[in-house]
Each structure stands twice: as structure tokens, then as C-alpha cells.
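These are the residues of each chain, in order.
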Amino acid sequence: MTTRLFRDPWGVPHIRADDPLALATAQGRVTAYDRAWQIEVERHRSQGTSAAFLGVDALGWDRFARQVRLDDTARRCHANLDPATAEWVGAYVAGVNAGLAAGAARAPEFAATGSTPGRWEPWTPLAVWLGHHILFAGFPSKLWREHVARHLGPAAAEAFAVDGPAVAGSNGWLLAGSRTASGAALLAGDPHRILEDPGVYQQIRLACPEYDVLGLAVPGVPGIPHFGHTGAVAWAITNAMADYQDVYVERLRRHDAGILALGPDGWQEASVHVETIEVAGADPVPVEVVETERGPVIAGGPGDDAALSLRYPPRVRRELGFAALPELLRARTVSDVDDALRHWVEPVNVVQAADTAGGLLHRVAGAVPLRHPDNGRRPVPAWEAAYAWRGWYAPMPRAEVTDQAVMANASALAAPLGVEFAPPHRARRIAELLDAGRNLTVGDMATIHTDTYLGSAGALLAVLDRSAGLGPAAAALRDRLLRWDRRMDADSTDAADFALLRAAVVRRIAAHPALAALAEPPAYPEVFAPWLALTPRVGYALEHLLGAAPLPGVDTAAVVRAAAEEVAGTADRTMRWGDLHRLVAWRALPDPDATPGPRLDGDHDCVLATSSVPGVTHGCFRGPAARFVWDLARRQDSRWVVPLGASGVPGDEHHDDQQSAWLTGELLPVTTDWDRLTEERDEH
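On a predicted model such as this, the values are computed, not experimentally measured, just so you know.

Draft legend 1. Region of interest: the packing of aromatic side chains. For the coordinates displayed, the defined rule picks out 15 aromatic pairs. Taken together, the ring pairs connect Y201, F227, F628, W630 and W640 into an aromatic cluster. Above the face of the W674 ring, R16 is positioned so that its terminal group lies 4.6 Å from the ring centre. The positively charged end of R311 is found above the aromatic ring belonging to W389, 4.8 Å away from the centroid.

Draft legend 2. Up close: unusual backbone geometry. Of note, the amide linkage connecting D197 to P198 takes the cis form, showing an omega dihedral of 5°. Cis geometry is found at the peptide bond from A394 to P395, where omega equals -10°. On the secondary structure map, P395 appears in the loop between β18 (380-381) and β19 (404-407). For R69, which is not a glycine, the phi torsion comes out positive at approximately 65°. Its place among the elements puts R69 in the loop between α3 (59-68) and α4 (70-79). Even without glycine at this site, M241 takes up a positive phi of about 60°.

Draft legend 3. Structural context of the nonpolar core. Counting residues in hydrophobic clusters, the biggest one holds 184 residues, and the most contacted among them are F64, I134 and F528. When neighbours within four sequence positions are excluded, F64 is seen to be in contact with I134, L135, F139, I298, V527 and F528. Within the second largest apolar cluster, 24 residues are counted, among which are A408, A427, A446 and I448.

Draft legend 4. Focus on the pairing of strand β15 (residues 308-311). Burial of β15 is two-sided: the residues L308 and L310 facing one way and the residues S309 and R311 facing the other way are all buried. The pairing of strand β9 (residues 246-249) with β15 spans 4 bridges and is antiparallel. Along β15, the bridge assignment pairs V247 with L310. Taken together, the 2 bridges between strand β14 (residues 297-299) and β15 define a ladder with antiparallel strand orientation. The residue bridging A299 from the neighbouring strand is L308, located in β15.

Cut-offs used in this document
- Residues numbered from 1 in each chain as written.
- Predicted model: local features only at pLDDT ≥ 70, side-chain atom pairs only at ≥ 80, totals over all residues.
- Heavy atoms only, no water.
- Phe/Tyr/Trp six-rings, centres within 6.5 Å; stacked < 30°, edge-to-face > 60°.
- Lys NZ or Arg CZ within 6 Å of the ring centre and 35° of its normal.
- Helix = DSSP H or I, 4+ residues; strand = E, 2+ residues; numbered from the N terminus.
- Core = buried A, V, L, I, M, F, W, Y, C linked by side-chain atoms within 4.5 Å.
- Buried < 20%, exposed > 50% of the residue type's maximum accessible area, 1.4 Å probe, protein only.
- Contact = heavy atoms within 4.5 Å.
- Pairing = 2+ DSSP bridges.

Remember, this is a structural readout, not a statement about activity or role.
If you want it as C-alpha cells, here you go:
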């Protein structure tokens, strides 16, 4: 069996092997070598064991992972795999286990935390995948809606219904050959994720006699699930913003033999056991793990009126959709991609694909249950049969593509499947930019990736425009912002002034007596805190709160006037947006470096979606975790870039050698000529 590893000038691994199983083993091995610390952290997070070396700060996640039964669900899904897919995943796991020791020897984080690499189980890649996506659909928003409705009424809950700070999104667009200079399709995008060090996507190429695919892999998971190019066909995804996880209010009571849960058919036995979480620097923490007929209990317990269970498709169906992954690698046409997606379960995505024969695909893939509309908006009573699942939504929505298609988490294609979607600003702006061009090329796409026009600024500026009685400094601030081009450029002082004004408005609304009942979040586990904190919710709903959905009792005009006076009185006219808006990449360490990162262009509702949390921080924690352009005329003309680099090892020459390109919007060449690659002969 022959396996060869090559690297391009940026250290991206290109692997050749005799067959798919050898190739999967080699992918696992090189991932362990390049990303040992990262994938071991993800393994521990999926098991709920990360607090053992990351300390108390990781306890909240570990408790949730145990209670929601991530690892057990992955085991069940693995047991349900067809034999060929299970063998392929097993080959990847064997490669990871073979490469971990060498990878860990390069990674200083192991020594820093006093930890050593463990052993991957056959189901670990499924657990890693599930850990990445269990909060992807944002089910804690239902807890927020219930909190708002209880205190302010159902209408107020709708006022906050926008893309929240903890929801992952993406941009993507597909151009038919009629719109491009080459006459062949272009497929481009940038997935928005929490920005981590190392990055959440791994550039890689996998080649064997059956296929030759390059793309963005998820470290710890075999294949190229989300963004790939086989030469003949390419695909990409965005979050569909579908609602496919339900929260049930449970009535639980103890009895001598365990715990009973009230369901539609009366009191039924729930499964229950106790697990122990080891915590570095603290005492072990016992966790009671309870599961009802609806699903695992994720909050509260017997006798608690706020006991909640989570019902989610992988646990119900015992499948994640991994059978799609090897089929995608073998795809030659959009029909092949479409067929592979019949397996897809988690998460629910909007998919675009194009092939060299002119085929185009735009559809939703995943599993969405059929149930009562209230399930999508709030926690529902477990004991009422009306809220039970009644099968699965089918067929999934799709649309014909003529000239172009845009996907940016707005409601268009996936509208029947969700409740809350991203505001339409990114989707509209991408479409405007595409409409303005003709005979578009790969090089033109970077301009779209990095567009900084803030479409959501209009609501605040409209209120500011109507503000009367401002003092001289505040009036000058108003006049400057009304002339501003609405671009969140790092060197813009006007963008900084707008951000400071926006933050002041958000803080004042959040502190308003009319919202006092929401200031104290409900007593749910801390992992749900990003969805339940008032100030971030106001920050992301600000456009609605100032325009179409004002809150009763809140005089928004007065709030904006007061905020303008506040900002004008303290404004530093030398302050630029990039001085405030800096990268804050997450690192899995007990005491991560808090040094501010590089200055950034963009903002949450820009196409260049470098998200901050208005009213809380100007720092950027989420943004483009990669950028790519797949060229269907010549794959070698495709381009890509990631925020840091191909290596997850601090100090490695390829740890952050792509960052300058990522910051400036440059896209790096995709190398496909084996003769232009460097073979790496060292055994890892």
C-alpha cells in the first residue's frame, strides 16, 4: 500500500493513496500531526471531559455535553452506519491514533496543561461533528422567547426575533456560466464561525484512483463535508437557519426506583444515572443524567417547574448523515451531489453545487421534523400529545438556478423550515454586487467577500436624522454620520463614531426600566447564556427595535438623542473603527492570551461579517473562518484562504502565514499540479 504526502507553499496537505481506505487513514494521520491539540480538545468536549485540563471555565460545557448525551448519541449513530461507511470512518480513526503521539510532541499545549493524547474510538468523529453542531440551530432562543413573552408579552418576543450573537452563518453564491468570463460556473463563499486558533476548517486535498478532491475539511472528521471541488463538480453550504430541535417542559418526580416523567400517555419511567466530571484545580462534580421519552433533560430536575428536555434528530433517528461523506468524494455531477445529500441529517444546510457540464443545484439538505408550529417558538408541554413529532418534512425545498443564486442565512429558500433568520442585508448586498458585474472572474469575487457596506445602519441613522434639540457637538456628530458612506472600514473614524453611538443606544435600551424584568436571565445552564443575556439581544435586534418593532414604553427617539449627546461629549476624532474592532480568536487553554488581535474591517451585517456584540464589545469573535472561490472552468484557478494557516502548531512556519492575506481580502492560489508540490517523506 502506497501513501504519499505532499505540501503546497502554505503547508496545505495533499495526499495520494492507492484506495479510499488508505486515503482516509492518511487523512486522519496528517490531521493528528497538524492539529493534535485541536482535535483532542474536540474529543474531550464531545465526551464532556474538557474541564479535566481546561479547568472550571469548561465545566458548563462538560455538564451540558453529558446531560445532552453527545457521546452516547454518537455511539448510537455509529452503530447504525452501513458497513462500508463504518469501515471508512474506522480507517480515519486508525490514522488519527497512529499520528497523535507525533502530533502531540509538536504541540506545546499538552505540556502546558499537563495532559497527554488519548485514544480515539470508532465513533469519535461522529461525536466531534455533533459537538460542533448541537447548538447550531439555536434552540436556546426558545428559552429567550419564553422569557420575554412571560414578562413583556408575545409581541415583544417577536421584536427580538433576529439572527443572534451565538448563531453561525455564512455567505455563499453561485454564478452560472452565463454570468462568468470563462462561460463556466463559479461557486464562492465564506463560512462564519467562532474564530479559533487554530481555525475550524482545514485546507486539504484527497486523491486516489477513484477521486481527487480538494476543499475545507473539519479537523477530526473524515472527508470534505461542506466545501469541496472534485474537478468535475464543486459544492458549498450555508446554515439554513432551520428549526429542527425542540425543547419540552417536563414534569419529573422521584420514586424509589428512579424518576418518572409525565408524557401524553401518563407517567413513564425515565432513564437516570450519575456521572462525574473531573475538574482541574477543583473538586470533581457529579452530574445526574436523565432522559425521558422526548429526549435528554438539559435543565432542571424532579420537582423543578423549569425542567427541560431536548429532542433532536440524530438522537431520534440514530443517524448524522455520515453516509453522505464518502459519496460526496466520489461525485462527478450535481446529480451525484444531490443524491449523496439524501443521507444528510445534521445540521440542516442550504447547498449549492455546479459541475463542468453546466449543471446547477440549489437546495436544502437535512432532517426537519413535522410538528405543531408552537414547537418552533417556545418550550412546549411534554404531556400534551399535540406537540409530538409526526414524521419528517419532505421533500426539502429546492430552487432552479438560471443566472445566479445567493445564500446568506436569510429566509428565502428555507422559509418553510425556520422561525428566525438572518436579516436580509448580506443577501441583498451580495445580489446587488453580482448584478453590477458582467463576465465575472475568480478575481472579482474577493471584492464581494470583503464588502463593508452596513445595510442595517439605516434604522439608527433615520432616528438620528429626526433628532431635534441636539447640542452643537451632538449635531455635528449627526451631520457627519448622515454623510457617512456606511462602510465599516478599519480606518474610518465615522464608522467608529457610528459603532460608539450604536453601543450607547443599545446599553441605554437594555437599561431602560421597561426592560427591567429581562435584565436578570432565567436560571438555565450557563452554556445558554449567549442567548439569554439582555444586552446582546438588544444589540442584534436594534434595527427592529428602532423601526418596525418598537418596545412599549421605550421612547427610542429620546434614547438616541441622549446617546448622541453622550458620544459627542466623549468622542475622540482620531479613533478609527479598527482601533476598536479587533480579532479575538478563541484558544483552548486555561489562561488564553488576552492581547488584542489585528484590526479588522467589517461588522455583523456586512458581507464581510466580522461580528462584534453591540453594547457589549467591539471585539470580533466570529467571522469568515475561510474564504473560497471554486472555478468550474479550471480547478487550478480556484482560490482560498483561512484566518491563520494550515498548521495548528504555534511557532510552525505555517501556523499563521495566511493571516495577512485573510486580513486584506487576498485569496491564495489552489495548487493542483503535483509537480509543484513538495513531498514530505518523514514518517509521522
